[in-house]
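Inside the fold
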Amino acid sequence: MTIPADTAILSRKARSWTLVAGLALVGLHLVVALLTLVWTPFDPTELAGRRLEAPSLLHLAGTDRLGRDLLTQIMIGSRIALTVGTAAVAIGAVLGTTLGLLAAFASNWLDDALAAALDILIAFPTLLIAMLVVAASDGANLSTAILALGLGLSPIVARLARILAKRVLLMDYITAARTSGTSWPAIVRIHVLPNIWPGLSVNLALQFGLAVIAEASLSYLGLGAPPPNASWGRLLQEAQGTVFSAPIGAITPGIALVSLVIGINLLADGLRERNDPARSER
Amino acid sequence: MSALLAIEDLSVEAGGRRLISDLSLAIGPRERVGLIGESGSGKSLTALAVSGLLPRGLLPHGSIRLAGREVIGAAERELNALRGSAVAIVFQEPLTALDPLMTVGRQVAEPLARRAKRDGAPLRGSALASAVLDLLRDVALPDPARLAHAFPHQISGGQRQRVAIAMALACRPALLIADEPTTALDVTTQAEILQLLDRLASERDMALLFIGHDLAVVASAVDRVVVMRQGVAVESGPVATVLAAPSHDYTKGLLQAARHFDDAIGRRL
Ligand SMILES: Nc1ncnc2c1ncn2[C@@H]1O[C@H](COP(=O)(O)OP(=O)(O)OP(=O)(O)O)[C@@H](O)[C@H]1O
Ligand SMILES: [Mg+2]
């Protein structure tokens, strides 16, 4: 490949910028989330001020319609978003990868059946699947929301894992490993998982962002974590009625949500570029 | 002499189409046999059939006995025991034969550790690392200590092919199948790899099934050749006999092409 030296350097700088920005945004949310475990400006249920106060030195993000401190709730929202995103993506990744690998290894008809089933499931939006799961369980709480989102995004992960694994399985190094007597489980562990990971991880980061948004939507619909869990989605929902008189209540959770989602995507991009041995030193 | 590999009336079918028809071929211990044929004649499929690795949908018939065991119809478990110890394959395309995400050293270590464990003398840690370096040195790779930490894209095509050979050797197979190991390489590198295979086969008492489409290259490496065309063995015999008196038109054609090539080169020199 003949990339002129200067553009190569430029894109490398651009890459490291991606990683740094991603780390900064996600790191900020992580620090805030951890901080809320030991300290928040106010107690989240405490009526600390007047209703719908504008931002001030005491209440940096203002207060909500009951007079609770909004910054406190947004900070706790970080913790909820990170928890839900991580747990839901973990469930979706494990379930989806297992299913996708099974399909990739399965005999032709089973693979076709699984692929068709996945396509049908993917036609339903993740949020819809998640809503059905929540509706089917006996109450809306944080763990049902997590489980529901994990189940909801597993078909997307499964379809991608299947395609990526099928491509890897065609490679000579898989046949070479088999001719030397490597068992299938070992081949999956040594060759297949590492080689589908770069493609999969980018998608998982995307799913993380979608899961955070979907959790906000579930909460917005009243299907997420019940009060006093201050999820960003619930903050948005509560700010809805007062969006014209006190827009700050809707803007700040929105900014928090967007900054986390963008941060995750930048981080994933930066990490992928860095971990690809064929690109890292070009 | 009991044959290490005995293929009898092997046919391979895919959806009613015959890709290989009634192929018979025997290789004794330490024997070197060449399998020659144009592209698509079924050479690679033969190699895969021997290790029981035909792609799904391709059905073998007939008999393939490897180290005294029948391969066709054998359970995956039995085959796994044969693979590596009885046979190992070096593939055509050195670029895809190595895992792009794994260092050269680790790729060689995998089959080495597995073989050692199978033999009841597990290799680990620094013992494994030094065994890897020994192997890399054995296939004449320069600076093995540095190369062991390199990724496949950081080394040359010839070096990759040497690594692939080292991985096959790590299994200590009785029969090494080299499926066009030099096709993707330039002429000088090609000659070096041929010499290497020649040396390794005699040092390690390995039998060799050398696959290729170039009569001259294959003939220089083996004692006996089988010429294949469209899935059928059209000729077989000792190299000297086949070269001196080809009985089949196809072989004559191959020979003539090789001669024309030599003449053309001779005129230029
Ligand atoms: N998975 C498959 N399904 C159906 N047909 C196949 C499959 N793999 C190979 N074939 C066919 O079998 C024939 C023999 O293929 P093979 O790979 O053995 O050729 P080859 O002699 O090794 O050729 P080359 O010198 O190009 O490597 C070809 O006609 C090919 O199209
Ligand atoms: Mg071939």
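What counts, and at which threshold
- Residues numbered from 1 in each chain as written.
- Chains lettered and ligands numbered in written order.
- Predicted model: local features only at pLDDT ≥ 70, side-chain atom pairs only at ≥ 80, totals over all residues.
- Heavy atoms only, no water.
- Helix = DSSP H or I, 4+ residues; strand = E, 2+ residues; numbered from the N terminus.
- Buried < 20%, exposed > 50% of the residue type's maximum accessible area, 1.4 Å probe, protein only.
- Areas by Shrake-Rupley, 256 points an atom, 1.4 Å probe, with all protein chains shown as cover.
- Lys, Arg positive; Asp, Glu negative; His and termini not counted.
- Charge placed at Lys NZ, Arg CZ, Asp CG, Glu CD.
- Rg over C-alpha atoms; globule rule 2.2 N^0.38 Å.
- Contact = heavy atoms within 4.5 Å.
- Core = buried A, V, L, I, M, F, W, Y, C linked by side-chain atoms within 4.5 Å.
- Patch = residues over 30% accessible without salt bridge, like charges linked within 9 Å, V, L, I, M, F, W, Y side chains within 5 Å.
- Salt bridge = Lys/Arg side-chain N within 4 Å of Asp/Glu carboxyl O.
- pLDDT = per-residue confidence, 0-100.
- Phe/Tyr/Trp six-rings, centres within 6.5 Å; stacked < 30°, edge-to-face > 60°.
- UniProt positions renumbered as here; feature names shortened; annotations may be inferred.
- Buried area = accessible area lost by both parts, 1.4 Å probe.
- Polar contact = N/O pair within 3.5 Å; in protein donor to acceptor, adjacent residues only side chain to side chain.
- Nonpolar A, V, L, I, M, F, W, Y, C, P; charged D, E, K, R; others polar.
- Donors = N, O, S within 2.8 Å, 3.2 Å for Na, K, Ca; no water.
- Near = heavy atom within 4 Å.

**Quick notes on the overall build of chain A**
When helices and strands are counted, chain A shows ten helices and zero strands. Mapped from its N terminus to its C terminus, chain A presents α and β elements in the order α-α-α-α-α-α-α-α-α-α. A total of 282 residues make up chain A; the buried ones form 47% of that total. When the accessible surface of chain A is totalled, it reaches about 13,800 Å², and 70% of it is carbon and sulfur. Across chain A, the mean location of the 19 positive side-chain charges is 5 Å away from that of the 17 negative side-chain charges.

**Section: the overall build of chain B**
Within chain B, the secondary structure is distributed over ten helices and ten strands. Relative to the 2.2 N^0.38 estimate, which gives 18 Å for 269 residues, the radius of gyration of chain B is 19 Å and therefore close to what a compact globule would have. Along the first, second and third principal axes, the C-alpha set of chain B runs to 55 × 55 × 35 Å. For chain B, contacts bridging at least 24 residues in sequence account for 66% of all contacts bridging at least 6. Within chain B, the 29 negative side-chain charges are centred at a point lying 5 Å from the centre of the 29 positive side-chain charges.

**Observations concerning the nonpolar core**
Nonpolar side chains in soluble globular proteins tend to be buried together. Residue and element names in this part refer to chain A. Membership of the largest hydrophobic core comes to 55 residues, with the highest contact counts inside it found for Leu149, Ile174, Val192, Ile196, Val212, Trp232 and Leu260. Breaking this core down by element, the ones donating at least two residues are helix 1 (5-38), helix 2 (70-105), helix 4 (126-136), helix 5 (142-169), helix 6 (172-179), helix 7 (184-220), helix 8 (232-240) and helix 9 (248-275). For this core, the leading source of residues is helix 7, giving 13 residues. Contacts of isoleucine 196, omitting those with residues within four sequence positions, involve Thr97, Leu101, Leu164, Ala165 and Val168.

**Some details on a nonpolar patch on the surface**
A grouping of Leu30, Leu34, Leu35, Leu37, Val38 and Trp39 of chain A is seen on the molecular surface, where their side chains present a nonpolar patch of about 630 Å² in accessible area. Looking at where valine 38 of chain A falls in the secondary structure, it is placed in helix 1.

**Some remarks on the confidence of the model for chain B**
Per-residue confidence for chain B gives a mean pLDDT of 89, with 97% of residues at or over 70. When mean pLDDT is compared element by element in chain B, strand 1 (residues 5-14) of chain B scores highest at 95, while helix 10 (residues 249-268) of chain B scores lowest at 74.

**What to know about the packing of aromatic side chains**
Each aromatic ring pair is described using two quantities: the centre-to-centre distance and the angle formed by the ring planes. Residues and elements named next belong to chain A. Overall, the coordinates contain one aromatic pair over all chains when judged by the stated rule. Ring plane angle 75 degrees and centroid distance 4.9 Å describe the contact between phenylalanine 105 and tryptophan 184, whose orientation is recorded as edge-to-face. A residue pair is termed long-range when its members are at least 10 positions apart, and phenylalanine 105 in helix 2 and tryptophan 184 in helix 7 qualify at 79 residues. Taking the relative accessible area as the measure of exposure, phenylalanine 105 reaches 24% and is therefore partly exposed. Given a relative accessible area of 30%, tryptophan 184 falls into the partly exposed group.

**A word on the UniProt feature "transmembrane region" (unreviewed entry) in chain A**
All names here are of chain A. The feature "transmembrane region" (unreviewed entry), as annotated in UniProt, sits at residues 19-42, 80-106, 113-136, 142-161, 204-223 and 243-268 in this numbering. With 83% helix and 0% strand, the stretch residues 19-42 has end C-alpha atoms that lie 33 Å from each other. The annotated region residues 113-136 carries 92% helix and 0% strand content, and the separation between its end C-alpha atoms amounts to 26 Å.

**Section: unusual backbone geometry**
Keep in mind that most residues, glycine aside, have a negative phi and that most peptide bonds are trans. Residues and elements named next belong to chain B. Not every positive phi belongs to a glycine, and aspartate 9 is a case in point at roughly 45 degrees. Tracing the backbone through its elements, the reader meets aspartate 9 in strand 1. Here aspartate 9 falls in the partly exposed class, since its relative accessible area comes to 47%. In this structure, aspartate 205 is a non-glycine residue whose phi angle is positive, near 55 degrees. Within the secondary structure, aspartate 205 sits in the loop between helix 7 (187-203) and strand 8 (207-212).

**A short note on the interface of chain B and chain A**
Listed by partner, the interface residues are 28 residues for chain B and 24 residues for chain A. Of all residues in chain B, Arg56, Phe91 and Leu101 of chain B give up the largest surface area on contact with chain A, accounting jointly for 25% of the area buried on that side. For arginine 178 of chain A, the salt bridge identified is with glutamate 76 of chain B, shortest N-O distance 2.5 Å. On the surface where chain B and chain A come into contact, there are ten residue pairs in polar contact (both at pLDDT 80 or more). A total of five residues in the side of chain B that touches chain A trace back to one element, the largest contributor, which is helix 3 (residues 104-118) of chain B. Tallied by class, the residues present in the side of chain B that touches chain A amount to 13 nonpolar, six polar and nine charged.

**Notes on the coordination of the magnesium ion (ligand 2)**
When a metal holds four donors in a tetrahedron, each ideal angle between them is 109.5 degrees; when it holds six in an octahedron, the ideal angles are 90 or 180 degrees. All names here are of chain B. Only Ser44 (OG) and Gln92 (OE1) from the protein coordinate the magnesium ion (ligand 2), and they sit 1.9 to 2.7 Å from it. Of this pair, serine 44 sits in helix 1 (residues 43-50) while glutamine 92 sits in the loop between strand 6 (87-90) and helix 3, and the two are 48 residues apart along the sequence. Taking relative accessible area as the criterion, serine 44 reaches 27% and is therefore assigned partly exposed. Judged by its relative accessible area of 31%, glutamine 92 falls in the partly exposed class.

**Looking at the site of ligand 1**
Residues and elements named next belong to chain B. Taken together, 13 residues are adjacent to ligand 1, and Ser39, Gly40, Lys43, Ser44 and Glu180 come closest. Serine 44 places a side-chain nitrogen or oxygen 2.7 Å from an oxygen atom of ligand 1. In this structure, glutamine 92 approaches ligand 1 through a side-chain N or O atom, which is 3.2 Å from an oxygen atom. Protein contact buries 66% of the 640 Å² of open area that ligand 1 shows by itself. In terms of residues, the shell around ligand 1 owes the most to one element, helix 1, which gives three residues. Among the residues forming the shell around ligand 1, the class breakdown is four nonpolar, six polar and three charged.

**So, the pattern of salt bridges**
Any two side chains of opposite charge can pair, so long as their charged atoms come close to each other. Per the stated rule, a full pass over the model turns up 22 salt bridges over all chains. With its nearest N and O atoms 3.7 Å apart, the salt bridge here joins glutamate 13 of chain B to arginine 18 of chain B. What makes glutamate 13 of chain B partly exposed here is its relative accessible area of 25%. For arginine 204 of chain B, the salt bridge goes to aspartate 138 of chain B, with nearest N and O atoms at 2.7 Å. In this pair, arginine 204 of chain B is assigned in the loop between helix 7 and strand 8 and aspartate 138 of chain B in helix 4 (residues 125-138), connecting sequence segments 66 residues apart. On the accessibility criterion, arginine 204 of chain B (30% relative accessible area) is partly exposed. Among the charged side chains, a salt-bridge network with shared partners connects Asp64, Arg68, Arg234 and Glu238 of chain A.

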